[in-house]
Structure formats: C-alpha cells, structure tokens
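# Breakdown of the fold
These are the residues of each chain, in order.
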Amino acid sequence: MSTIDDLPPLRQVIADHELRARKSLGQNFLLDLNLTAKIARQAGDLSGVDVLEIGPGPGGLTRGLLSEGARKVLAIEKDARCLPALAEIAARYPDQLEVIEGDALDIDPLAHLTPPIRVAANLPYNVGTELLVRWLTPPTWPPFWQSLTLMFQREVAERIVAQPGSKTYGRLAVLAQWRADTRIALNLPPEAFTPAPKVSSAVVHLTALPAPRFEADAQVLSRVVAMAFNQRRKMLRAALKGLVPDIEDRLIAAGIKPTDRAEQLPIEAFCALAREVKAAQA
C-alpha cells in the first residue's frame, strides 16, 4: 500500500491498467505520492473547499488532494484509459471524487462544484497555457476560483512570475499579475516524471485578487499584450499598428512613448493603453 492512503502505489496502478503516458496528450505521470501530496499542500487548507483538477491521469495528485482533506475533487480526464484507475479512487473516497471524461476547455466546472473552489493540476503541456489565460481573463472578476496551483514547464512558470525588463516578461506575466499574486512554489526535475521530459517543471501558485490591480477590459488587454509581445523587438507603434487607426496618439495618451518596447512597460501602462484602445473602439 502507499504512504498516503490504502490504495496501491502508482507504479502498480499504471502496470495493472497498462497505462503509458501519451505524448499526443501532453502526458507525464508523477509517480511519487509523497510528492503529489506536497503539491496538493501548496493549494493551502483544503477542508471545506472544492477542487478542480485537469488531466489527473492515473490519479497521483487526485489522491494527494483527497488525502489532504479536499471536500470534493472534480477530475476532468480526456484519456479514457485512465478512467478505471480513477474509479478505484472514487470508490475509496465515496462522494468526494467526481470524474468526467472530456475536454476541460468544453466543461463548465461551476455546474459540478460549489464555492469556494480552487484549481490544482499537473496540466497537460499542450493545453496548459490556453487554460491559464482563460482562467485569468473572464469578463467579470473575481473569478470562480480562489487560487490556481498549477504545474508547468519551468520556462512557462518563469514567464508567469517575470518582471518588466526581463527576457521572460510577456503576455502571461501581464495577465497573471494584473489580477493575481503569483509565485513559484516548487521546482521539479525531469526524473520526477515518467516518462522523464526533456525540461524541468515547476509548480506555480496564483491567488486571485479581490479586484484587478488596474482598471481594464480583460479582452481588450489580452489583445493588446498579445500584439505587443508578438513582435517584442519592434517599437510599440509598429508592433501595435492596425490595432486602432490612431495608435500613436493612444500610446501618448496612455503615457507611453511610441518608441518604447513591450518588455519595458509595467502592467499599469498596458492597462492604461487598453483603456485608450477601448475608448477608440467605442
């Protein structure tokens, strides 16, 4: 039996169900249940909290979340091969684990969970960034979640917590830090996974702020930073050409030099520009 519950060790689960991580699904399995429990603890006290987990695979983090006292876990899994292993966990934790087969991009978690809600996941590499941006840019704030505890490639994690002027500062840093406090909670080497990826990983913890740091429309800001950092070596008047007809005037009105580059701007400046762009589109 494992060290955190009376279910079999993950290596045995994977062998019993003939589960091999699929590259096409962005899968890398964490087999150390002590490590998955440690990741679960980064989400804070889970008693009285519902948790959304994306891509549970054989259920290592799922078991960590349940053993740490989560009121309920909703696990969304696209790979049908993993469902029998997850069903065994559901039997061990009756009424605490709901498993849905499907694509996380298509499922509304609020139809299955009761606030307060936190998200904890070893995100599949191929959808992780898209999910994060979606969680950070709902039209209204605060969001459905209190916090996000997410595993990414370390390069992505560093982009989320990056500061202006750094090489990793970009769209993810602006969108994440505009509405949340961010920190890297854990670093994990490739050998922690099966199969071992070619890159290191990190767990990022984001805590939703009661209100955004600066006023801006989420969709407009998202479009502004996407264009600005898509051509980060260009001056902003060139990178944002076509966003609105009078972009140079809008930059100046937002207190930005048209010759500035995106990586130089703090979040406040991007929000000011987003307000100007929205006004121009009204």
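Residues numbered from 1 in each chain as written. Predicted model: local features only at pLDDT ≥ 70, side-chain atom pairs only at ≥ 80, totals over all residues. Heavy atoms only, no water.

## As for the packing of helix H2 (residues 33-41) against helix H3 (residues 60-67)
Where H2 meets H3, the closest approach of the two axes is 8 Å, and the angle between their N-to-C directions is 60 degrees. In terms of orientation, H2 lies oblique with respect to H3. In the packing of H2 onto H3, the handedness of the crossing is right-handed. For the pair formed by H2 and H3, the contact residues are Leu33, Thr36, Ala37, Ile39 and Ala40 on the first element and Gly60, Leu61, Arg63, Gly64 and Leu65 on the second. A breakdown of the residues in the contact of H2 with H3 according to their chemical character gives six nonpolar, three polar and one charged. (Axes fitted to C-alpha atoms, helices over the stretch in contact; angles between N-to-C directions. Helix = DSSP H or I, 4+ residues; strand = E, 2+ residues; numbered from the N terminus. Parallel < 35°, antiparallel > 145°, perpendicular 65-115°, else oblique. Left-handed = near helix turned anticlockwise from the far one by under 90°. Contact = heavy atoms within 4.5 Å. Nonpolar A, V, L, I, M, F, W, Y, C, P; charged D, E, K, R; others polar.)

## So, the pattern of salt bridges
Scanning the model with the defined rule gives 14 salt bridges in all. Its salt-bridge partner being glutamate 130, residue arginine 134 comes within 4.0 Å of it at the nearest N-O pair. Placement of both arginine 134 and glutamate 130 in helix H5 (residues 128-136) is noted, with a separation of four residues, approximately one turn of the helix. In this structure arginine 134 comes out as partly exposed when scored by relative accessible area, which is 42%. Aspartate 217 is paired through a salt bridge with lysine 278; the nearest N and O atoms lie 3.5 Å apart. Of the two residues, aspartate 217 is situated in the loop between strand S9 (201-208) and helix H8 (218-230) and lysine 278 in helix H11 (residues 267-281); the sequence distance between them amounts to 61 residues. Here aspartate 217 falls in the partly exposed class, since its relative accessible area comes to 27%. If you follow the salt bridges from partner to partner, you end up with Asp246, Arg250 and Glu276 in one network. (Salt bridge = Lys/Arg side-chain N within 4 Å of Asp/Glu carboxyl O. Buried < 20%, exposed > 50% of the residue type's maximum accessible area, 1.4 Å probe, protein only.)

## Thoughts on the packing of H5 against helix H7 (residues 171-179)
The contact between H5 and H7 brings their axes to 10 Å, and the two run at 35 degrees. The way H5 lies across H7 gives a crossing that is left-handed. Of the residues in H7, those in contact with Thr129, Leu132, Val133 and Leu136 of H5 are Arg171, Leu172, Leu175, Ala176 and Arg179. Class assignment for the residues of the contact of H5 with H7 results in six nonpolar, one polar and two charged.

## Looking at the side chain of threonine 36
With respect to the helices and strands, the residue threonine 36 is situated in helix H2. Side-chain polar atoms of threonine 36 contact the backbone oxygen of glycine 60, separated by 3.1 Å. Look past the residues within four positions of threonine 36 in its chain and what remains in contact with it is Leu30, Gly60, Leu61 and Gly64. (Polar contact = N/O pair within 3.5 Å; in protein donor to acceptor, adjacent residues only side chain to side chain.)

## Some details on empty space enclosed by the protein
The final tally for this structure, using the stated rule, is one cavity of 30 Å³ or more. Lining of the largest cavity is provided by Leu7, Pro8, Val13, Pro58, Arg63, Ala85, Glu88 and Ile89. The greatest single-element share of the lining of the largest cavity, amounting to three residues, is contributed by helix H4 (residues 83-92). Of the residues in the lining of the largest cavity, the class split is six nonpolar, no polar and two charged. (1 Å grid on protein atoms, 1.4 Å probe; cavity = no way out; pocket = protein on both sides within 12 Å on 5 of 7 lines; lining within 4 Å. Points joined across faces, edges and corners; volume = space filled by probe spheres on them.)

## Things to note about unusual backbone geometry
In this structure, the amide linkage connecting proline 115 to the following residue, proline 116, adopts the cis form with an omega of 0 degrees. Across the junction of tryptophan 141 and proline 142, the peptide omega takes the value 5 degrees, indicating a cis bond. For proline 142, the position within the fold is in the loop between H5 and strand S6 (147-153). Backbone geometry places glutamate 18, a non-glycine residue, at a positive phi of 55 degrees. By secondary structure assignment, the location of glutamate 18 is in the loop between helix H1 (10-16) and strand S1 (29-30). Here aspartate 95, not a glycine, exhibits a phi torsion of approximately 70 degrees, which is positive.

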